[in-house]
Amino acid sequence: MPTPEEYQLKSDEELVIMTLADQEVFLYLMKRYESKLLRYVNRTFSTRNEDAEDIVQESFINAYRYLNSFDQRLKFSSWLYRIAHNAAVSYFRKAKARPQLIDSEDSDLILEKIASDYDLEQETHVKLTGEKVRDVLEYLDPKYREVLVLRYLENKEYQEISDILQKPIGTIGTLLNRAKKHFVNHAQTKTLHLEETV
Amino acid sequence: MNTISDQALEKLKSQHMKPIPRWEFLLKDSVIWAGFMVAVLVGSVAYCVALFLLTTQDWDLYRYVGSNAFADALSGLPYLWLIILLLFVLLAMYNFRHTQSGYRYRVWGVIVASIGASIVIGSVLHVTGFGNYLDRVMADNLPVYRQLTPDRQSVWTQPEKGLLSGKILTPENLLPNTVTIRDFKGKKWLISVNSALVDPSVRLEIGQYIKLVGQKTSTGQFQATHIMPWNMQRWIEEYETSQDQSILFFTNPGQSFIIRYN
């Protein structure tokens with residue numbers, strides 16, 4: 001029987017095969033993704049940690065139950081993120097709650113990444129701070145916010161985002177472009193509104 | 001302290017959860033693929049019959065009767081089969097999108113591919129005569145089908161408008177410059193063909209079905225200007241099974257008689 005250190009060296013796909021023979025092995029897979037999924041769910045859907053923990057636990061249970069449907073052509077991480085995405089959507093639908101906002105650290109990161117594609121100050125005629133970015137993101141459609149998080153915070157490739165959201169890769173490109181445009185538009189509107197109220 | 005992973009494993013153990021067997025996923029995927037293939041096949045059949053009806057449609061009818069070409073074309077479209085084709089293309093798309101990798105393809109790409117597959121398979125079926133066969137079987141067994149597909153028989157049984165069709169009873173060599181036909185309503189007509197343009201595939205022989213453009217000259221007599229083949233099998237078979245076939249012909253120099261025994 002492999003030692004815990006040996007398990008750590010196994011690939012995701014090897015651990016999946018081993019899990020089918022021994023349920024305990026699944027713990028190593030879960031540990032490997034626990035913090036990543038928690039961060040992804042938090043960033044995309046909720047700031048309430050209890051919600052995110054419930055969703056991640058539900059994701060792990062679903063992943064185990066559907067382990068035989070894992071398509072080896074996909075990356076395991078994409079497959080697991082997809083399950084987490086579906087679990088989160090289902091969770092918020094059941095709870096009839098609206099996903100909350102991402103934290104300020106992440107806002108700065110998104111701002112930095114989008115700013116590399118756009119001249120944001122030029123586009124919005126104002127200097128955007130992390131706080132304002134969070135205000136802007138609050139008004140973004142969740143589908144745009146999620147694609148921004150996956151691309152800029154989770155650093156996923158287009159193909160991986162396609163596998164997670166189960167949309168064609170071309171659609172992901174379109175979605176990302178629209179998300180950036182909406183971000184800029186909302187940034188302009190929000191800024192004007194803020195200036196009027198001052 | 002228990003982490004989320006520990007809690008999840010605990011829950012898996014306490015509820016005795018097992019992975020769903022692989023065969024269940026394989027079965028589900030097979031059913032979806034089978035549904036996709038059936039949908040493409042039915043779409044192909046629909047395209048095949050639609051193609052048959054389109055190719056046997058009288059697109060140039062307006063030239064002879066002075067009607068509106070566009071209205072004629074619209075009324076002659078096989079809507080029933082085109083709707084069936086559309087529905088099954090959508091069903092094929094739905095099934096394909098639910099296969100394991102279906103999400104990777106754009107909806108329009110899948111629709112175009114499904115239509116393309118239906119066109120290719122349907123065209124092969126059309127060459128084998130399947131479209132004609134299925135149209136006939138449907139017409140024979142489903143009365144409502146006739147109401148839903150273009151009714152060429154009625155169109156070509158309007159002598160007052162210069163349109164007539166039917167089966168040749170006496171050939172041209174029996175009665176010089178004339179043939180006798182029985183139309184689809186069972187009425188006999190003496191057709192003058194001396195100034196008619198005859199399609200090369202028409203030989204004016206007994207038993208051949210033809211359609212005519214011309215003018216009704218008197219009761220039971222028609223002057224043809226154009227003679228073309230009638231190429232729709234379903235009406236011919238229906239007509240033949242409903243008509244009395246005991247006909248005897250007598251000819252005298254300069255005179256012709258047709259005697260029908262009922």
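Residues numbered from 1 in each chain as written. Chains lettered and ligands numbered in written order. Predicted model: local features only at pLDDT ≥ 70, side-chain atom pairs only at ≥ 80, totals over all residues.

**Digging into the overall build of chain B**
Helices and strands together make up the secondary structure of chain B, namely 10 helices and eight strands. By the burial criterion, 27% of the 262 residues in chain B qualify as buried. In chain B, the share of contacts with a sequence separation of at least 24, taken over all contacts with a separation of at least 6, comes to 64%. (Helix = DSSP H or I, 4+ residues; strand = E, 2+ residues; numbered from the N terminus. Buried ≥ 20, exposed ≤ 12 C-beta atoms within 10 Å, placed from the backbone. Contact = placed C-beta atoms within 7 Å.)

**So, the overall build of chain A**
Helix and strand counts for chain A come out as 11 helices and zero strands. In sequence order, the secondary structure elements of chain A are arranged as α-α-α-α-α-α-α-α-α-α-α. A total of 198 residues make up chain A; the buried ones form 36% of that total. The contacts of chain A with a sequence gap of at least 6 include a subset with a gap of at least 24, amounting to 69%.

**Topic: the domain arrangement of chain A**
Residues and elements named next belong to chain A. Once the domains are mapped, chain A shows domain 1 (8-95) and domain 2 (104-197). Counting from both sides, the interface comprises nine residues of domain 1 and, opposite them, 11 residues of domain 2. Of all the secondary-structure elements, those providing two or more residues to the side of domain 1 that touches domain 2 are α3 (26-44) and α5 (76-95). Per-element accounting of the side of domain 1 that touches domain 2 gives the leading share, four residues, to α5. A per-class count over the side of domain 1 that touches domain 2 returns three nonpolar, three polar and three charged. (Domains from an automatic or database assignment. Nonpolar A, V, L, I, M, F, W, Y, C, P; charged D, E, K, R; others polar.)

**Details of the nonpolar core**
Of all hydrophobic cores here, the largest spans 47 residues; its most connected members are M30(A), V41(A), I55(A), V56(A), L80(A) and A84(A). Looking at which element gives the most residues to this core, the answer is α5(A), with nine residues. Among the nonpolar cores identified, the runner-up in size contains 20 residues, and L53(B), W81(B), M93(B) and F96(B) belong to it. (Core = buried A, V, L, I, M, F, W, Y, C linked by C-beta atoms within 7 Å.)

**Some remarks on the environment of S59(A)**
Residues and elements named next belong to chain A. Checked against the element boundaries, S59 lands in helix α4 (residues 49-65). Between the C-alpha atoms of S59 and M30, which are 29 residues apart in sequence, the distance is 9.8 Å. The residues contacting S59, other than those within four sequence positions of it, are L37, I83, A84 and A87.

**Some details on unusual backbone geometry**
Here Q166(A), not a glycine, exhibits a phi torsion of approximately 55 degrees, which is positive. Along the chain, the position of Q166(A) falls in the loop between α10 (158-165) and α11 (169-197). Assessed through the 14 C-beta atoms surrounding it within 10 Å, Q166(A) is described here as partly exposed. Positioned with a positive phi, L204(B) is a non-glycine residue whose angle comes to about 55 degrees.

**Details of the confidence of the model for chain B**
Residue and element names in this part refer to chain B. In this model, chain B carries an average pLDDT of 83, and 87% of its residues clear a pLDDT of 70 or more. Considering only residues more than four positions removed or in separate chains, one finds that residues 244-262, a stretch of pLDDT under 50, has 18 contacts. Interface confidence for the predicted complex, expressed as ipTM, amounts to 0.77; the pTM equals 0.73. (pLDDT = per-residue confidence, 0-100.)

**With respect to the interface of chain B and chain A**
Contacts between chain B and chain A engage 19 residues on the former and 25 residues on the latter. Secondary-structure elements contributing two or more residues to the side of chain B that touches chain A are α1 (4-14) and α2 (22-55) of chain B. When residues of the side of chain B that touches chain A are assigned to their parent elements, the largest contribution, seven residues, is made by α1(B). Among the residues forming the side of chain B that touches chain A, the class breakdown is 11 nonpolar, four polar and four charged.

**Overview of the packing of α2(B) against helix α6 (residues 107-127) of chain B**
Residues and elements named next belong to chain B. The interhelical angle for the contact between α2 and α6, taken along N-to-C directions, is 55 degrees, at an axis separation of 7 Å. Between α2 and α6, the angle is such that the two are oblique. Between α2 and α6 the crossing geometry is right-handed. Seen from α2, the contacting residues are V40, G43, S44, V45, Y47, C48, L51 and F52; seen from α6, they are S114, A117, S118, I119, I121, G122, S123, L125 and H126. Here the residues of the contact of α2 with α6 sort into 10 nonpolar, seven polar and no charged. (Axes fitted to C-alpha atoms, helices over the stretch in contact; angles between N-to-C directions. Parallel < 35°, antiparallel > 145°, perpendicular 65-115°, else oblique. Left-handed = near helix turned anticlockwise from the far one by under 90°.)

**Notes on α4(A)**
Between the first and last C-alpha of α4(A) there are 24 Å, a value that for 17 residues agrees with the 24 Å anticipated at 1.5 Å per step. What α4(A) keeps buried is the set D51(A), A52(A), I55(A), V56(A), Q57(A), S59(A), F60(A), I61(A), A63(A) and Y64(A). (Expected span 1.5 Å × (residues − 1).)

**Describing the packing of α5(A) against α10(A)**
Residue and element names in this part refer to chain A. Their axes nearest at 7 Å, the elements α5 and α10 cross at an angle of 45 degrees. One finds that α5 runs oblique with respect to α10. Helix-helix and strand crossings are classified by hand; for α5 and α10 the assignment is right-handed. For the pair formed by α5 and α10, the contact residues are S78, Y81, R82 and H85 on the first element and E160, D163, I164 and L165 on the second. Residues belonging to the contact of α5 with α10 are distributed by class as follows: three nonpolar, two polar and three charged.

**Here we look at the pairing of strand β1 (residues 163-170) of chain B**
All names here are of chain B. β1 sits mainly inside the fold: six of its eight residues count as buried. The pairing of β1 with strand β2 (residues 178-182) spans three bridges and is classified as antiparallel. Bridge pairing in β2 places T170 opposite T180. (Pairing = 2+ DSSP bridges.)

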